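Chain residues, written in single-letter form:
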Amino acid sequence: MNRKKLQKLTDNLTKNCKHLFRGFDKDNDGCVSISEWINGLSLFLRGSLEEKMKYCFEVFDLNGDGYISKEEMFHMLKNSLLKQPSEEDPDEGIKDLVEITLKKMDHDHDGKLSFADYEQAVKEETLLLEAFGPCLPDPKSQMEFEAQVFKDSHEFNYDM
């Protein structure tokens, strides 16, 4: 498979995945190595719920401190939601949404989400996996990627 075709396939697979680079760059060296890329694609295509929860939490934890704070939630929701023309300040609606989210997901009531809070909430309601914005491929893109890659597997050059 040539570079252009592979690039198009991966672009389609990851088009809605914000913060993809940070999620794949596990050693935080500013580069996604071949093994990090393969591990990321493996998670996208065949990852368990547990693996996907860990990945999404890492993406949502913008500062890497092990928690998703109110400020991080606000930032992600503000960037994810469509802006509607209204007389109300849109930031107020987002602040309200953050408070509703905390009531639903913050099981230890400390004003921020730990992985344990997030994990419990997602296990109770899997729709909360991407509560703060898309970070996993949609099923249609995933199926198209797999169909194309496995259909054209004879195009890969296995020489190393």
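Scroll up to find the structure.
Let us look at the structure shown here. Keep in mind it's a predicted model, so treat the numbers as computed, not measured.

What to know about the overall build of the protein chain
When helices and strands are counted, the protein chain shows eight helices and two strands. What you see in the protein chain, going N to C, is helices and strands ordered as α-α-α-α-β-α-α-β-α-α. Of all 160 residues assigned to the protein chain, the portion counted as buried reaches 36%. A fraction of 63% describes how many contacts in the protein chain between residues 6 or more apart in sequence connect residues 24 or more apart. Approximately 10300 Å² of the protein chain is accessible, and the part contributed by carbon and sulfur atoms is 55%.

Concerning the packing of helix α5 (residues 70–80) against helix α6 (residues 90–105)
It is the contact of α5 with α6, at a shortest axis distance of 9 Å, that shows an interaxial angle of 125°. With respect to each other, α5 and α6 are oriented oblique. The chirality of how α5 crosses α6 is right-handed. For the pair α5 and α6, contact is made by Lys-70, Met-73, Phe-74, Leu-77 and Lys-78 and by Asp-91, Ile-94, Lys-95, Leu-97, Val-98, Glu-99, Thr-101 and Leu-102, respectively.

Thoughts on helix α3 (residues 34–46)
For α3, spanning 13 residues, the distance from its first C-alpha to its last is 18 Å, which sits close to the expected 18 Å at 1.5 Å a residue. Inspection of α3 places Glu-36, Gly-40, Leu-41, Leu-43, Phe-44 and Leu-45 among the buried residues, and these make up the whole buried set.

Re helix α7 (residues 115–124)
In an α-helix, one turn spans 3.6 residues, which is why side chains three or four residues apart end up on the same side. Within α7, the full set of buried residues consists of Asp-117, Tyr-118, Glu-119, Ala-121 and Val-122. Buried residues in α7 make contact with α4 (49–60), α6 and β2 (113–114).

Side note on the packing of aromatic side chains
Aromatic rings in a pair are described by how distant their centres are and how their planes are angled relative to each other. As enumerated under the stated definition, the model contains nine aromatic pairs in all. Both rings, one in Phe-57 and one in Tyr-118, keep their centres 5.7 Å apart while their planes meet at 50°; by these two values the pair is tilted. One end of the pair, Phe-57, is in helix α4; the other, Tyr-118, is in helix α7, and 61 residues separate them in sequence. We note that Phe-57, like Tyr-118, is buried. Centre to centre, the rings of Phe-115 and Tyr-118 are 6.5 Å apart; their planes meet at 45°, and the pair counts as tilted. Taken together, the residues span about one helical turn, with Phe-115 and Tyr-118 both in helix α7 at a distance of three residues. Residue Phe-115 is classed as partly exposed on the basis of its relative accessible area, which comes to 21%. The rings of Phe-57, Phe-60, Phe-115, Tyr-118 and Phe-132 are connected pair by pair, giving a single aromatic cluster. One cation-aromatic arrangement involves Lys-112 over Tyr-67; the distance from NZ or CZ to the ring centre is 4.1 Å.

Some details on unusual backbone geometry
Of note in this structure, Asn-28 is not a glycine but carries a positive phi near 50°. Secondary-structure assignment places Asn-28 in the loop between α2 (20–24) and α3. For Asn-28, a relative accessible area of 63% gives the class exposed. The phi dihedral of His-109 falls on the positive side, at around 55°, and the residue is not glycine.

About the thresholds
- Residues numbered from 1 in each chain as written.
- Predicted model: local features only at pLDDT ≥ 70, side-chain atom pairs only at ≥ 80, totals over all residues.
- Heavy atoms only, no water.
- Helix = DSSP H or I, 4+ residues; strand = E, 2+ residues; numbered from the N terminus.
- Buried < 20%, exposed > 50% of the residue type's maximum accessible area, 1.4 Å probe, protein only.
- Contact = heavy atoms within 4.5 Å.
- Areas by Shrake-Rupley, 256 points an atom, 1.4 Å probe, with all protein chains shown as cover.
- Axes fitted to C-alpha atoms, helices over the stretch in contact; angles between N-to-C directions.
- Parallel < 35°, antiparallel > 145°, perpendicular 65-115°, else oblique.
- Left-handed = near helix turned anticlockwise from the far one by under 90°.
- Expected span 1.5 Å × (residues − 1).
- Phe/Tyr/Trp six-rings, centres within 6.5 Å; stacked < 30°, edge-to-face > 60°.
- Lys NZ or Arg CZ within 6 Å of the ring centre and 35° of its normal.

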